[in-house]
Amino acid sequence: MGDHRRCRLSVDGGELELAGPPTALRALGQLLRQGVTTVEVVVAGGAVAQEVTAGPLLVALAAPTTVRFSGGPEYLDLVWDALDGVADQAEMVDEPGVKCHQHLEYLPGDDYRSPDSMPLVIVADWPDEPVPPVR
């Protein structure tokens, strides 16, 4: 099983959360960066789908448990960099229980994210925390 499958997706109303240990977040980022036009990967609690298109980053709920990223590579890079950045931050934290995270959401005047995007929070687990089992 790939490390990316240790990531978890949760959907709570209008907000999406993609979480996991640093190695899993990095593995997911690598899969999404591979340069294919479309990709869909299974994670705990659902799936992550990505389609390379034109235009700014759009984060959407494609099915009840599938988060979908679309946009040009220069905009999708926001997600890829956030996955790596949050993983890096988590590995530098000295205190257990600190949850490093990053919000990806549209703000007025933002040319990189679509105004139709759903808010997404990427959260890194403490590196030594036990990871919930994946089914």
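Okay, so let's go over this structure. (Residues numbered from 1 in each chain as written. Predicted model: local features only at pLDDT ≥ 70, side-chain atom pairs only at ≥ 80, totals over all residues. Heavy atoms only, no water.)

## Structural notes on the pairing of strand 2 (residues 15-20)
Sheet topology places strand 1 (residues 8-12) next to strand 2; five bridges connect them, and they run antiparallel. Looking at strand 2, one finds that Arg8 is bridged to Ala19. Here strand 1 folds back onto strand 2 in antiparallel fashion, the turn holding two residues, of which Gly13 has a positive phi close to 60°. (Pairing = 2+ DSSP bridges. Helix = DSSP H or I, 4+ residues; strand = E, 2+ residues; numbered from the N terminus.)

## Description of the side chain of Arg113
When you line up the elements, Arg113 lands in the loop between strand 7 (100-104) and strand 8 (120-124). Assessed through its relative accessible area of 18%, Arg113 is described here as buried. Separated by 2.6 Å, the side chains of Arg113 and Asp110 make a polar contact. Beyond its immediate chain neighbours, meaning those up to four positions away, Arg113 contacts Pro56, Leu57, Leu78, Leu104, Glu105 and Tyr106. (Buried < 20%, exposed > 50% of the residue type's maximum accessible area, 1.4 Å probe, protein only. Polar contact = N/O pair within 3.5 Å; in protein donor to acceptor, adjacent residues only side chain to side chain. Contact = heavy atoms within 4.5 Å.)

## Section: helix 1 (residues 22-33)
Because each turn of an α-helix spans 3.6 residues, side chains separated by three or four positions end up pointing in the same direction. Here helix 1 contains 12 residues, and its C-alpha end-to-end distance of 17 Å stays within 8% of the 16 Å for a straight helix at 1.5 Å per residue. The complete set of buried residues in helix 1 reads Pro22, Ala24, Leu25, Ala27, Leu28, Gly29 and Leu32. Buried residues along helix 1 sit against strand 2, strand 3 (38-43), strand 4 (46-52), strand 6 (66-71), helix 2 (73-92) and strand 8. (Expected span 1.5 Å × (residues − 1).)

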